[in-house]
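Descriptive analysis of the structure
These are the residues of each chain, in order.
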Amino acid sequence: MKRQKRFEKLEKRPVHLDGFVKEWDDEGLVALEGKNDPKPSIKLENGEITELDGKKKEDFDLIDKYIAEYGLNLDNAEMAMNTDSLKIAHMLVDPNVSRSEIIKYTTAITPAKAEEVISKLNFGEMIVAVQKMRPRRTPATQCHITNTLDNPVEIAADAAEAALRGFPEQETTTAIARYAPMNAISIMVGSQTGRPGVITQCSVEESEELSLGMRGFTAYAETISVYGTDRVFTDGDDTPWSKGFLASCYASRGLKMRFTSGAGSEVMMGYTEGKSMLYLEARCIFITKASGVQGLQNGGVSCIGIPGAVPGGIREVLGENLMCMMMDIECASGCDQAFSHSDIRRTERMIGQFIAGTDYISSGYAAEENRDNTFAGSNMDVLDYDDYCAMERDLAVNGGILPIHEEDAIKIRNKAAKAIQAVFDGLGLPAITDEEVEAATYASNSDDMPKRDMVQDMKAAQDLMDRGITVSDIIKALHDHGFNDVAQAVLALAQQKVCGDYLQTSAIFDKNWHCISAIDNPNDYQGPGTGYRLWEDKDTWDKIKDIPWAMDPQHMDF
Amino acid sequence: MSEVDSLVNKIMSQLKDENSSASSSTSTSTPTNSDSELGRNDYPLFEKHPDKVKSPTGKSLHDITLDNVVDGTVGPKDLRITPDTLRMQGQIAASAGRVAIQKNFQRAAELTQIPDDRLLQLYNALRPYRSSKQELLDMSSELRDKYNAPVCANWFAEAAENYEKNKKLKGDN
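This text gives an overview of the structure that appears in the document. Just so it is clear, the structure is predicted and the values come from calculations on it, not from any experiment.

**Some thoughts on the overall build of chain B**
A tally of helices and strands in chain B yields 8 helices and 0 strands. In sequence order, the secondary structure elements of chain B are arranged as α-α-α-α-α-α-α-α. Buried positions account for 47% of the 173 residues belonging to chain B. If you sum the accessible surface of chain B, you get close to 8,200 Å²; carbon and sulfur atoms cover 50% of it.

Shown next, in the form of C-alpha cells:
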C-alpha cells in the first residue's frame, strides 16, 4: 500500500509506543461488565450468607468464604441489595446525599453489585463522586524515594527535599534486596530532617518488611498484595486468612498499613476466571474491608499497562478508586507506575484523581529521576515537578506537591546528607565522606554520586540486623552528633506508634505531629461551598501560588 | 457527618461490639481501663487523652523523652503499643462506623503479647501449603492457652477448616 503521509507521521508519535489491545472477555481482558461477570445476588439464612453473587455456599472458594464471613454489613444487606444500582449511583453523584448516608448502602452490597453501581457512572460523574467519597477531607499525595545504586546519602537527600515539597508519606524499595534496612533508615532520617511528621515505608518481602517495622525503621506498610481470584492469591503466596492475620500483626506493633490491589494483576498472573478487571478488583476491595484494614492502594498500580490497553480502562481505574472510597476505605489511588510514552496520556492517567483529590493522588510520584526509580518508573517524576505545580496553580487544585526555592532545597538536602552521615558513624556503618555529602546536596540522579563500596554496604546492612540495632540506636546516634532536632522528630514518630492515632483511616501527620485522618478531618463535601477548597486553605494556597519563576508585574526591571 | 448520624453510628457499633464480644468466647483481655467507651471526639488520643496512653512497661508518653532514650531509661520495649491503647483506638474506629477495623485491633491487641520471631513464624505458617491441619490446630491451641488470644486462636482454627476444604494445606499443591 502506498503510505499516506499524515498516517506515517502519526505513527511516529509517542502514543504509538504504548500497547493497545482489543477486548477478550474469556481471558479477563475487559475493563468492566464482562460477559462472564456474575449477576449480583445474596441469600441469608440465620444470619449467614448462603449465596453470594450467584454462587452457592458449597461452591465458595476461600475469597468468597472470607467475604461472606467478614466483608458485608448484614444488617443493611437486604435493604441495600434491593435498592436499584442506578439509584445508588445517583446518590454517589448527588451533592444532597451525604457520604455517611451512602456508606450505609455501599458497605452492605456484594462485589457484583458494587461493580454494577460503578458501571453506571461516566468519567465526569466519577470525579464528582470521588470528591465526596474520599475519607479524608484534605487531599494529599505520596512519593517514591529510590535510586538504582541504593545510595543511602542520595536517598536521605531526596527524602528531605520531597518532605519539604509536601509529601506526607514516602516509600522506598531496593535495587538489591539486602540493602533493605539501610534504605529504610536513610529514608526515615532524610524525611524527618526535611519535615517532621512524614511517615515512611520500605517495600520488600512480606515478613522482612514486618521485621523492619518491628525495629522501628519504618512507620507503615503498603505493598501487602491481595488478588481477586483464588489461584492468583495462592500464587502470590498468601490466603485471605494469612493476609488478614498479617494486617493484625502490623497493628499489634503500632504500624499503619494498607493493602494493595489493582486491575490487571490477575490477567498478568494468568488466572482471571474470565471475569472483568472491575469485578475482580471489587473482590480485592471487599477482602480489604473484611480484614479491617484501614486503607488500600489500588487503581491499576503496577499492572496499569493492562487496564491502560483496553477500551474504557482508565475510566475503570478511577472507578476502582471510587469503589474503594465508597467502602469507607482510605485510597492511595495509583497514578504510579509508568504506563505511557505520551505526555498527553500521562496527564490523562492522573487527571481524574488530581481534579477530584484523593487521600493520596499518586502512590507514588517519583521523587527522583525516573531512571533511578526502582519501582520500574512512575507516571510522573522530579522533572515534572514544575509542570505539576503549574497545574495546581492554574486549576487551584491541591495536588499535594508544593513548589520550593532552590536555596531551600540545597539547604535541606545538605542537612539530611549530614544527618545520615552522622547515623552511619554512630551505628558503625561504612563511612559517608564529606565528598558524598556535597555530591548528594547538588545531585539530580545517582550518576552524580561518588561510587560506594556496595559489598561493604550490603555486609553492613546484614550486620546491623544481626546486631539487633533498633530505632533507639538511631535516635542516640543523631543526638550524639548534634542533630537534636532530627533525633526529636524520629523519637516523636516512635512515640506516635505507642499512641496509635495514625492507625485510623487515612491518617497523616502535619509538621507538629498533629494527626489528620478521617476521624478528625472527615470529608464533608456536599456541593458548592462545602468540603475542601484550596483557596480556603490559605497557607497552602499561598505556597502553591508562589512558584519561584512567576514574574512580579509590580516589581519588574526593564 | 451530622451529630445525629454520628450518634446513631455510635450506638449501632456499640450494639455490634457487644454482640461480637459475646460470640467470641470470654475475652481474657479485660480492659484495665474501666472508663466509658471512647468516641471520635476523644481523638487524637495523643492530644486529648495522653494520660490514658501507657507504654508496655507502664511509662507515660511524657516519659518518652530524648534524654531518657539517650541514657537508656527508655528502650525499644517502651516504644510499643499496648492492648489497652489498641482497644481505645478500636472504640474510636467503631464510633466512626468502622467496626471491621475494631475487630482487626482486637486481634492485634492479642498479638502484642507474642514475641516478634514467633509472630513472624505464625504468619508464615498461615501461608498456603505451609502447614498441616494439625499444625494449624496446634497453633490455635498455643494462641489460646499460652498467649490468651482467643480471637486469633479462632482465626487459626477457621483457617485449618477452610484450608482443608479448599486444599491449601501442606502437600495439597
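Structure shown, so let's carry the discussion forward.
**A closer look at the nonpolar core**
F245(A) and L478(A) are the most contacted members of the largest nonpolar core, which has 168 residues in total. For this core, the element with the highest residue contribution is helix α22 (residues 484-499) of chain A, accounting for 10 residues. Two domains each provide a minimum of three residues to this core, namely domain 1 (1-112) and domain 2 (114-173) of chain B. Residues within four places of L478(A) in sequence aside, it is in contact with V189(A), A419(A), V423(A), F483(A), N484(A), V486(A), A487(A) and V490(A). Membership of the second largest hydrophobic core comes to 22 residues, among which are I145(A), F167(A), I361(A) and V382(A).

**A look at the interface of chain A and chain B**
On the side of chain B, 63 residues touch chain A, which itself brings 72 residues to the contact. Both faces combined, the contact of chain A with chain B buries some 5,800 Å², and carbon together with sulfur accounts for 59% of it. On the chain A side of the interface with chain B, the three residues burying the most area are F245(A), R253(A) and V498(A), jointly 13% of the side's total. Between the two partners, chain A and chain B, sit 6 salt bridges. Of the charged contacts in the structure, one is a salt bridge between D116(B) and R253(A), with a shortest N-O distance of 2.8 Å. Summed over the shared surface of chain A and chain B, the number is 35 residue pairs in polar contact (both at pLDDT 80 or more). Within the residue set of the side of chain A that touches chain B, elements represented by two or more residues are α2 (62-70), α5 (99-106), α10 (206-214), α11 (230-235), α12 (240-252), α14 (277-291), α21 (471-480) and α22 of chain A. Take the side of chain A that touches chain B: its biggest share by element is 11 residues, from α12(A). By residue class, the composition of the side of chain A that touches chain B is 26 nonpolar, 27 polar and 19 charged.

**As for the packing of aromatic side chains**
Per the stated rule, a full pass over the model turns up 13 aromatic pairs over all chains. Residues Y70(A) and W155(B) carry aromatic rings whose centres are separated by 5.3 Å and whose planes lie at 40 degrees to one another, so their mutual orientation is tilted. Taken together, the residues Y70(A) in helix α2 and W155(B) in helix α8 (residues 150-165) connect one chain to another. Classification of Y70(A) as partly exposed rests on a relative accessible area of 21%. The buried category is assigned to W155(B), whose relative accessible area is 2%. These aromatic residues form a ring-pair network of at least three members: F167(A), F354(A), Y365(A), Y385(A) and Y388(A). Directly above the ring of Y360(A) sits R136(A), whose terminal nitrogen or CZ lies 5.1 Å from the centroid. Across from the ring centre of W155(B), 4.3 Å away, lies the NZ or CZ of R107(B), which sits over that ring.

**Considerations on unusual backbone geometry**
Here the amide bond leading from S363(A) into G364(A) is cis, since omega sits at 20 degrees, within 30 degrees of zero. Relative to the helices and strands, G364(A) resides in strand β11 (residues 363-366). Of note, the bond from Y43(B) into P44(B) is cis; its omega dihedral lies within 30 degrees of zero at -5 degrees. Examined against the element boundaries, P44(B) turns out to sit in the loop between α1 (3-23) and α2 (45-48). In this structure, D53(A) is a non-glycine residue whose phi angle is positive, near 45 degrees. Its place among the elements puts D53(A) in the loop between β2 (48-52) and β3 (55-56). Notably, K167(B) is not glycine yet its phi reads approximately 60 degrees, a positive angle. Secondary-structure assignment places K167(B) in the segment after α8.

Reading guide: rules and limits
- Residues numbered from 1 in each chain as written.
- Chains lettered and ligands numbered in written order.
- Predicted model: local features only at pLDDT ≥ 70, side-chain atom pairs only at ≥ 80, totals over all residues.
- Heavy atoms only, no water.
- Helix = DSSP H or I, 4+ residues; strand = E, 2+ residues; numbered from the N terminus.
- Buried < 20%, exposed > 50% of the residue type's maximum accessible area, 1.4 Å probe, protein only.
- Areas by Shrake-Rupley, 256 points an atom, 1.4 Å probe, with all protein chains shown as cover.
- Core = buried A, V, L, I, M, F, W, Y, C linked by side-chain atoms within 4.5 Å.
- Domains from an automatic or database assignment.
- Contact = heavy atoms within 4.5 Å.
- Buried area = accessible area lost by both parts, 1.4 Å probe.
- Salt bridge = Lys/Arg side-chain N within 4 Å of Asp/Glu carboxyl O.
- Polar contact = N/O pair within 3.5 Å; in protein donor to acceptor, adjacent residues only side chain to side chain.
- Nonpolar A, V, L, I, M, F, W, Y, C, P; charged D, E, K, R; others polar.
- Phe/Tyr/Trp six-rings, centres within 6.5 Å; stacked < 30°, edge-to-face > 60°.
- Lys NZ or Arg CZ within 6 Å of the ring centre and 35° of its normal.

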